[in-house]
Amino acid sequence: MKRRRRKNPHWTDALPHDEWADEPKVRLYRLEPNRKPQYLGTHLAFLIDECRVAATHGGGEYLFILVYRGRTLRRGIWAIAGNPIRHS
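Computed from a predicted model, the values in this text were never measured in an experiment.

S.K.: Account for the confidence of the model for the protein, with residues named and values stated.
M.R.: For the protein, per-residue confidence averages 81 on the pLDDT scale, and residues scoring 70 or more make up 74% of the total. The least confident element of the protein, judged by mean pLDDT, is strand E4 (residues 71-84) at 88; the most confident is strand E1 (residues 25-31) at 93.

In structure tokens, the structure reads:
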């Protein structure tokens, strides 16, 4: 019998719904044209979304990894239209 992973329709559906001692965090990476990820930082899961990433870092492709208690709950790519904002 083949195993199938049940996918949640939205990345926030993967967040735990119980009381936590540790808040879930999102590790954010920019995917460069050569697909090499560039680390941008770690953010609290409840304070980050595509709009906030677009306002802070501009357009492009971003890899997000949702981590809770050292375990990866979800990973995916946000494709945001526009020019990237380069920080010095």
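On we go.
S.K.: Describe the pairing of E1, naming the residues involved and giving the relevant values.
M.R.: Of all 7 residues making up E1, 5 are buried, and the element is well covered by its neighbours. The pairing of E1 with strand E2 (residues 37-44) spans 7 bridges and is classified as antiparallel. Of the residues in E2, the one forming a bridge with Arg 27 is Thr 42. Hairpin connection, E1 to E2: the antiparallel pair is bridged by 5 residues, and Arg 35 has positive phi, about 65°. Across 7 bridges, E1 lies against strand E3 (residues 58-68) in antiparallel orientation. Each residue of the ladder has a partner; that of Leu 28, found in E3, is Phe 64.

S.K.: Which residues make up the nonpolar core, and what values go with them?
M.R.: Listed in full, the 10 residues of the largest apolar core are Val 26, Leu 28, Ala 45, Ile 48, Val 53, Tyr 62, Phe 64, Leu 66, Trp 78 and Ile 80. Residue assignment for this core shows that the elements contributing at least two residues are E1, E3 and E4. Here this core gets 3 residues from one element, more than from any other, and that element is E3. Leu 31, Leu 63, Ile 65 and Val 67 belong to the second largest nonpolar core, which has 5 residues in total.

S.K.: Mind laying out a nonpolar patch on the surface, listing which residues take part and the relevant values?
M.R.: On the surface, a nonpolar cluster with roughly 270 Å² of combined accessible area is contributed by Leu 44, Phe 46 and Leu 47. Within the fold, Phe 46 resides in the loop between E2 and helix H1 (50-57). Residue Phe 46 is classed as partly exposed on the basis of its relative accessible area, which comes to 43%.

S.K.: Got a sec to walk through the pairing of E4? Specific residues and values, please.
M.R.: Alignment of E3 against E4, held across 10 bridges, turns out to be antiparallel. If you follow Phe 64 over to E4, its bridge partner there is Gly 76.

S.K.: Can you tell me about the environment of Val 26, naming the residues and giving the values?
M.R.: Tracing the backbone through its elements, the reader meets Val 26 in strand E1. Residue Val 26 is classed as buried on the basis of its relative accessible area, which comes to 0%.

S.K.: Please set out the sheet that holds E4 residue by residue, giving values where relevant.
M.R.: A sheet is described by the order of its strands in space; here 4 strands give the open sequence E2-E1-E3-E4, paired in antiparallel fashion. The open sheet terminates on both sides in strands that have one partner only, identified here as E2 and E4. Shown here is a sheet whose adjacent strand axes are inclined to one another by a mean of 25°, direction ignored. Against the sheet, H1 engages E1, E2, E3 and E4, with an angle of about 130° to E3.

Conventions used here
- Residues numbered from 1 in each chain as written.
- Predicted model: local features only at pLDDT ≥ 70, side-chain atom pairs only at ≥ 80, totals over all residues.
- Heavy atoms only, no water.
- pLDDT = per-residue confidence, 0-100.
- Helix = DSSP H or I, 4+ residues; strand = E, 2+ residues; numbered from the N terminus.
- Buried < 20%, exposed > 50% of the residue type's maximum accessible area, 1.4 Å probe, protein only.
- Pairing = 2+ DSSP bridges.
- Core = buried A, V, L, I, M, F, W, Y, C linked by side-chain atoms within 4.5 Å.
- Patch = residues over 30% accessible without salt bridge, like charges linked within 9 Å, V, L, I, M, F, W, Y side chains within 5 Å.
- Areas by Shrake-Rupley, 256 points an atom, 1.4 Å probe, with all protein chains shown as cover.
- Salt bridge = Lys/Arg side-chain N within 4 Å of Asp/Glu carboxyl O.
- Axes fitted to C-alpha atoms, helices over the stretch in contact; angles between N-to-C directions.
- Contact = heavy atoms within 4.5 Å.

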